[in-house]
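Single-letter residue listing:
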Number of protein chains: 2
Amino acid sequence: MHQGIVECVPNFSEGRNPQVIEKIVQSVVEAGCRVLDVSSDYSHHRSVLTFAGSPDKVEEAAFRAAGVAASLIDMEKHKGEHPRIGATDVIPFIPVRDITIEECVSLAERVGKRVGEQLGIPVYLYAKAARREDRVRLPNIRKGEYEGLKEAIQVDPLRKPDFGPSRLHPMAGATSVGARQPLIAYNVNLNTSDVKVARGIAKAIRESSGGLPSVQAKGILIDETGLAQVTMNLLDYRTTSIDLVLRRIEEEASARGTDIRDSEIIGLVPLDAILDVAASRMKAGSFSKGQLLDLVDFHKE
Amino acid sequence: MHQGIVECVPNFSEGRNPQVIEKIVQSVVEAGCRVLDVSSDYSHHRSVLTFAGSPDKVEEAAFRAAGVAASLIDMEKHKGEHPRIGATDVIPFIPVRDITIEECVSLAERVGKRVGEQLGIPVYLYAKAARREDRVRLPNIRKGEYEGLKEAIQVDPLRKPDFGPSRLHPMAGATSVGARQPLIAYNVNLNTSDVKVARGIAKAIRESSGGLPSVQAKGILIDETGLAQVTMNLLDYRTTSIDLVLRRIEEEASARGTDIRDSEIIGLVPLDAILDVAASRMKAGSFSKGQLLDLVDFHKE
């Protein structure tokens with residue numbers, strides 16, 4: 001039996017009805033996985049579930065969760081800020097401990113095949129599991145979103161899924177399944193209700209428009225607070241740190257006459273990424289993880 | 001056998017000869033303790049050793065280290081920035097895991113008695129182990145330092161030690177032994193060589209002159225860099241955080257026409273204190289330790 005630990009962070013197109021999310025979580029727990037975090041966002045109308053376990057248990061949990069989501073979430077009725085193609089919009093597998101990215105790619109292929117063939121949901125393999133260059137990045141797969149993909153999947157050979165039928169599931173749409181290194185989902189709220197400011201900052205800092213490497217960013221308006229937000233994925237915090245992102249956003253916000261109100265990390269984050277923020281704030285170049293009292297293994301020789 | 005873990009952070013008046021520090025470290029290792037950190041400071045002419053273990057092993061290690069220091073460090077020849085009364089200037093015991101502060105007080109009393117009676121070094125019990133109000137704080141015990149204490153200990157009944165003879169050890173001087181909660185030894189270097197600026201800032205922020213609670217601070221000049229430094233002990237980071245200290249120093253430095261060059265944490269620090277710095281920098285009030293990927297116990301139910 002494989003002793004490694006995989007993390008799985010599926011995103012579901014439901015952020016307003018807690019009962020739906022509860023049933024999805026239940027299916028993951030019943031498959032023997034440990035649920036680490038559940039974040040639901042009303043404005044995005046989207047929930048992010050984080051769970052972990054051995055590869056076989058994670059495979060089963062991811063498959064069951066996609067099945068429950070397909071039976072409870074109707075994409076025909078879904079509206080939300082965040083781009084999406086299906087009820088289970090995306091299922092990434094992430095190596096955490098004693099497991100390789102290649103093993104996570106195999107896991108993505110097994111789950112993708114089952115979701116496609118057994119649930120009848122078209123599946124696109126993405127990131128490290130992508131079989132084509134134009135499916136490495138999710139924005140390409142999500143082009144036109146659920147509504148646009150409905151026709152494109154049937155008529156455009158380039159949109160043919162890697163598994164499952166070449167037509168959207170009537171309720172659940174389509175799903176992206178992949179493998180990737182840990183990313184940091186990070187949102188910065190601005191002291192302005194002008195979404196154009198957030199969009200301008202997002203454009204200035206994201207890699208795809210010539211900004212910071214390994215940063216994905218979008219500007220959106222958060223309904224609950226009425227504030228503009230820069231919502232980001234930091235794909236590699238060793239390449240572009242949280243601190244660097246904050247400094248760039250501070251500059252860009254200042255140039256637009258506003259500033260940062262607060263920020264939030266969604267789900268899990270590697271300790272090193274947070275220690276880097278603290279060390280940068282302190283200008284403490286010599287600080288090391290070995291100085292953390294809580295992490296010392298006193299019984300080790 | 002007691003399974004708790006005590007940390008011990010003795011300070012020695014030797015920061016320039018690595019061979020002396022090596023012999024002290026060796027005595028601690030031979031007593032069965034785990035050495036966590038050794039920091040030597042040329043300008044302070046002082047070394048801080050951090051080790052941990054079960055109370056019985058820590059007792060033995062602290063006693064042996066004081067003996068080695070007494071045989072190798074001659075206070076008659078010692079000069080340094082940091083106030084001190086002896087070769088082993090101070091021995092604090094700190095509860096780390098499964099042990100109470102009261103047990104650390106008992107440990108301080110046992111070690112103090114042995115150092116006083118067996119090594120002939122006068123010992124003052126301080127902090128939580130203090131038997132008199134005027135010995136809770138080290139600056140009171142260190143009044144006049146080694147040079148001044150030489151006469152005072154013989155003539156002033158208020159300076160009579162808690163253990164050992166009422167005269168300084170001919171080489172090792174005197175030693176303070178006590179118990180306390182974990183503190184953070186934190187130094188901030190300024191972009192100025194004017195030590196008066198550091199002294200002014202230290203005075204503005206330390207508790208004893210009406211500044212921030214639980215903060216001890218002094219302004220000194222660092223020989224190696226030629227820069228002024230605010231050297232601090234943060235006695236309770238939950239009362240006054242690193243972030244608050246930094247903000248106050250930034251304000252005070254700015255008012256004096258300078259700013260912070262860098263900073264350093266000496267020895268160990270509780271993880272919570274560092275996470276607080278990061279969360280403050282990010283303005284991420286919702287951030288919690290449960291989000292740290294590295295700390296998740298995946299096998300726990």
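None of these values were measured; they are calculated from a predicted model. (Residues numbered from 1 in each chain as written. Chains lettered and ligands numbered in written order. Predicted model: local features only at pLDDT ≥ 70, side-chain atom pairs only at ≥ 80, totals over all residues. Heavy atoms only, no water.)

1. So, helix α2 (residues 55–72) of chain A
All names here are of chain A.
Argument step 1. Given a rise of 1.5 Å per residue, 18 residues ought to cover 26 Å, and the 26 Å separating the end C-alpha atoms of α2 matches this to within 8%.
Argument step 2. Taken together, the buried positions of α2 are P55, V58, E59, A61, A62, F63, A65, A66, A69 and A70.
Argument step 3. Taken together, the buried residues of α2 touch β1 (5–8), β2 (11–12), α1 (18–30), β4 (46–53), β5 (88–97) and α3 (101–119). (Helix = DSSP H or I, 4+ residues; strand = E, 2+ residues; numbered from the N terminus. Expected span 1.5 Å × (residues − 1). Buried < 20%, exposed > 50% of the residue type's maximum accessible area, 1.4 Å probe, protein only. Contact = heavy atoms within 4.5 Å.)

2. Section: the confidence of the model for chain A
Argument step 1. Summary statistics for chain A give a mean pLDDT of 94 and a share of 98% for residues scoring 70 or more.
Argument step 2. Under the prediction, the complex receives an ipTM of 0.72, its pTM being 0.72. (pLDDT = per-residue confidence, 0-100.)

3. A few points about the sheet that holds strand β9 (residues 215–222) of chain B
Residues and elements named next belong to chain B.
Argument step 1. The strand order β9-β10-β8-β11 describes an open sheet built from 4 strands, whose pairing is antiparallel. Taken across any chain shown, the strands that pair with only one partner, and hence form the sheet edges, are β9 and β11 (260–266). Strand after strand, the sheet turns through a mean of 20 degrees between neighbouring axes, direction not considered.
Argument step 2. Relative to β11, strand β8 (residues 184–190) is paired through 6 bridges, and the arrangement is antiparallel. If you follow L190 over to β11, its bridge partner there is I260. (Pairing = 2+ DSSP bridges. Axes fitted to C-alpha atoms, helices over the stretch in contact; angles between N-to-C directions.)

4. Structural notes on the packing of helix α8 (residues 271–282) of chain A against helix α8 (residues 271–282) of chain B
Argument step 1. α8 of chain B packs onto α8 of chain A with a crossing angle of 75 degrees between their chain directions and a minimal axis gap of 8 Å. Here α8 of chain B runs roughly perpendicular to α8 of chain A, going by the angle between their axes. Residues L271, I274, L275, V277, A278, R281 and M282 of chain A of α8 of chain A pack against L271, I274, L275, V277, A278, R281 and M282 of chain B of α8 of chain B.
Argument step 2. For the contact of α8 of chain A with α8 of chain B, the class distribution of residues is 12 nonpolar, no polar and 2 charged. (Parallel < 35°, antiparallel > 145°, perpendicular 65-115°, else oblique. Nonpolar A, V, L, I, M, F, W, Y, C, P; charged D, E, K, R; others polar.)

5. Examining helix α1 (residues 18–30) of chain B
All names here are of chain B.
Argument step 1. Spanning 13 residues, α1 covers 18 Å between terminal C-alpha atoms, matching the ideal 18 Å at 1.5 Å per step.
Argument step 2. Regarding α1, the residues found buried are V20, I21, I24, V25, S27 and V28. Within α1, the buried residues cover an arc of 155 degrees as seen down the axis, which keeps them to one side. In α1, the exposed positions that point more than 90 degrees away from the buried face belong to P18, Q19, E22 and E30.
Argument step 3. Where α1 is buried, its residues touch β2 (11–12), β3 (34–41), β4 (46–53) and α2 (55–72). (Arc of directions from axis to C-beta.)

6. Thoughts on the relation of the copies chain A and chain B
Argument step 1. For the match of chain A to chain B, the screw axis carries a shift of 0.0 Å, the RMSD comes to 0.1 Å, and the turn is 180 degrees. These values place the two chain copies in the arrangement generated by a two-fold rotation axis. In terms of C-alpha distance to the rotation axis, chain A has A278 of chain A as its closest residue, with the C-alpha 2.2 Å off the axis.
Argument step 2. The residues that chain A uses at the interface reappear at the interface of chain B in 100% of cases, marking a shared surface. (Least-squares fit on C-alpha atoms with pLDDT ≥ 70 in both.)

7. Digging into the packing of aromatic side chains
Pairs of aromatic rings are described using the distance from one ring centre to the other and the angle between the two planes.
Residue and element names in this part refer to chain B.
Argument step 1. Under the criterion given, the structure shown has 0 aromatic pairs over all chains.
Argument step 2. The residue whose ring lies beneath R16 is Y42, and the NZ or CZ to ring-centre distance is 4.5 Å.
Argument step 3. Its end group placed over the ring of F63, R114 keeps NZ or CZ at 4.1 Å from the ring centre. (Phe/Tyr/Trp six-rings, centres within 6.5 Å; stacked < 30°, edge-to-face > 60°. Lys NZ or Arg CZ within 6 Å of the ring centre and 35° of its normal.)

8. Looking at the pairing of β1 of chain A
All names here are of chain A.
Argument step 1. Side chains I5 and E7 project from β1 onto one buried face, and the interleaved V6 and C8 project onto a second face that is buried too.
Argument step 2. Relative to β5, β1 is paired through 4 bridges, and the arrangement is antiparallel. If you follow I5 over to β5, its bridge partner there is R97.
Argument step 3. Pairing analysis gives 3 bridges linking β1 to β4, with the strands arranged antiparallel. Note that in β4 the partner of C8 across the bridge is F51.

9. Some words on the sheet that holds strand β8 (residues 184–190) of chain A
Strand pairs in the sheet, formed through backbone hydrogen bonds, run parallel or antiparallel to each other.
Residue and element names in this part refer to chain A.
Argument step 1. A sheet is described by the order of its strands in space; here 4 strands give the open sequence β9-β10-β8-β11, paired in antiparallel fashion. With partners counted over all chains shown, the strands left at the sheet margins are β9 (215–222) and β11 (260–266), one partner each. On average, each strand axis in the sheet is inclined to that of its neighbour by 20 degrees, with strand direction left out of account.
Argument step 2. Along the sheet, helix α7 (residues 242–255) contacts β8, β9, β10 (227–234) and β11; its crossing angle with β8, the most-contacted strand, is approximately 25 degrees.

10. As for unusual backbone geometry
Argument step 1. The phi dihedral of H45 of chain B is positive, around 50 degrees, even though this residue is not glycine.
Argument step 2. Relative to the assigned elements, H45 of chain B resides in the loop between β3 and β4.

11. Here's the deal with the interface of chain A and chain B
Argument step 1. In this complex, chain A contributes 49 residues to the contact, which on the side of chain B involves 49 residues.
Argument step 2. Between chain A and chain B lies a buried interface of about 4,200 Å² when both sides are counted; carbon and sulfur atoms form 62% of it.
Argument step 3. The interface formed by chain A and chain B holds 4 salt bridges in total.
Argument step 4. For the salt bridge of R281 of chain A with D243 of chain B, the shortest nitrogen-to-oxygen distance reads 3.4 Å.
Argument step 5. Elements supplying a minimum of two residues to the side of chain A that touches chain B: β1, β3 (34–41), β5, α7, β11 and α8 of chain A. (Buried area = accessible area lost by both parts, 1.4 Å probe. Salt bridge = Lys/Arg side-chain N within 4 Å of Asp/Glu carboxyl O.)

12. Concerning the nonpolar core
Argument step 1. The biggest cluster of nonpolar side chains holds 70 residues, and the ones touching the most others in it are I242 of chain A together with I242 of chain B.
Argument step 2. In this view, I242 of chain A contacts I184, Y186, L234, I265, A273, I274 and V277 of chain A together with M282 of chain B; residues no more than four positions away in its chain are not counted. (Core = buried A, V, L, I, M, F, W, Y, C linked by side-chain atoms within 4.5 Å.)

13. As for the environment of K289 of chain B
Argument step 1. Considering the arrangement of structural elements, one finds K289 of chain B in the segment after α8.
Argument step 2. On the basis of relative accessibility, which here comes to 34%, the residue K289 of chain B falls in the partly exposed class.
Argument step 3. On a C-alpha basis, the gap between K289 of chain B and L275 of chain B in space is 7.8 Å, while along the polypeptide they are 14 residues apart.
Argument step 4. The residues touching K289 of chain B, leaving out its near neighbours within four places in the chain, are D294 of chain A together with L271, D272, L275 and L295 of chain B.
Argument step 5. At 3.1 Å, the side chain of K289 of chain B and the side chain of D272 of chain B are in polar contact. (Polar contact = N/O pair within 3.5 Å; in protein donor to acceptor, adjacent residues only side chain to side chain.)

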